[in-house]
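Spelled out, the chains give:
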Amino acid sequence: VVAALKALSFFLPSHGVLTPIEHPTYACPPNSRRNYSGRWPLSTSSMLLDLTANRVPNDVVSGNVQQTMEGIPSLFVLMGDKDEIVPLQSVLDWFDAVPLSSDNGEKILTVLKGAGHGFFHERLKENKKKKTAFDHLFEYLNRCAKKDFE
């Protein structure tokens with residue numbers, strides 16, 4: 001399937017065949033002229049597939065992640081477990097490879113159950129008591145702010 005999509009993306013780069021669907025409210029406000037809706041072009045899908053399935057895992061194995069991310073004092077990552085764009089395992093491997101510059105730093109990975117790639121714009125319908133991406137983000141930011149004032 002991947003080889004077929006790569007071949008199609010070479011010959012028909014602007015066509016969307018078996019690619020993710022972008023909803024117009026996902027990335028921009030409804031009144032924006034930049035909104036896009038419909039299937040992603042094959043060329044975009046091919047590039048993102050290569051990035052998430054090949055390049056990031058190769059950077060983890062080669063040590064490039066450690067060099068690129070060197071000096072980061074803290075890291076907070078949100079990920080949806082139903083993300084159809086970015087493989088969860090790629091994020092887990094990348095996260096484990098990122099070094100922190102300080103023993104005092106926090107390294108947090110929060111996997112949101114039932115959330116896809118656009119989790120900031122999605123509503124998790126199954127359980128209203130679940131924390132949203134914004135809840136997790138603001139809890140982290142509040143902890144960081146409190147540390148700054150201690």
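Residues numbered from 1 in each chain as written. Predicted model: local features only at pLDDT ≥ 70, side-chain atom pairs only at ≥ 80, totals over all residues. Heavy atoms only, no water.

(A) Representation of helix H4 (residues 88-97). Those residues of H4 that fall on the buried side of the exposure criterion are Ser90, Val91, Phe95 and Ala97. Axial view of H4: buried residues confined to an arc of 160°, hence all on one face. (Buried < 20%, exposed > 50% of the residue type's maximum accessible area, 1.4 Å probe, protein only. Helix = DSSP H or I, 4+ residues; strand = E, 2+ residues; numbered from the N terminus. Arc of directions from axis to C-beta.)

(B) Geometry of the packing of aromatic side chains. Overall, the coordinates contain two aromatic pairs when judged by the stated rule. With a centroid separation of 4.5 Å and an interplanar angle of 10°, the aromatic rings of Phe76 and Tyr140 are classed as stacked. Placement of the pair is Phe76 in strand E3 (residues 75-80) and Tyr140 in helix H5 (residues 133-148), with a sequence separation of 64 residues. The same class applies to Phe76 and to Tyr140, which are both buried. Judged by centre distance (6.4 Å) and plane angle (20°), the rings of Phe134 and Phe138 are stacked. Taken as a pair, Phe134 and Phe138 lie in helix H5 at a separation of four residues, close to a single helical turn. (Phe/Tyr/Trp six-rings, centres within 6.5 Å; stacked < 30°, edge-to-face > 60°.)

(C) Structural detail: the pattern of salt bridges. According to the stated counting rule, one finds one salt bridge in the structure shown. Put simply, Glu106 and Arg143 hold a salt bridge, and the shortest N to O gap is 3.3 Å. Here the residue Glu106 occupies a position in the loop between H4 and strand E4 (107-112), and Arg143 occupies one in helix H5, the gap between them amounting to 37 residues. (Salt bridge = Lys/Arg side-chain N within 4 Å of Asp/Glu carboxyl O.)

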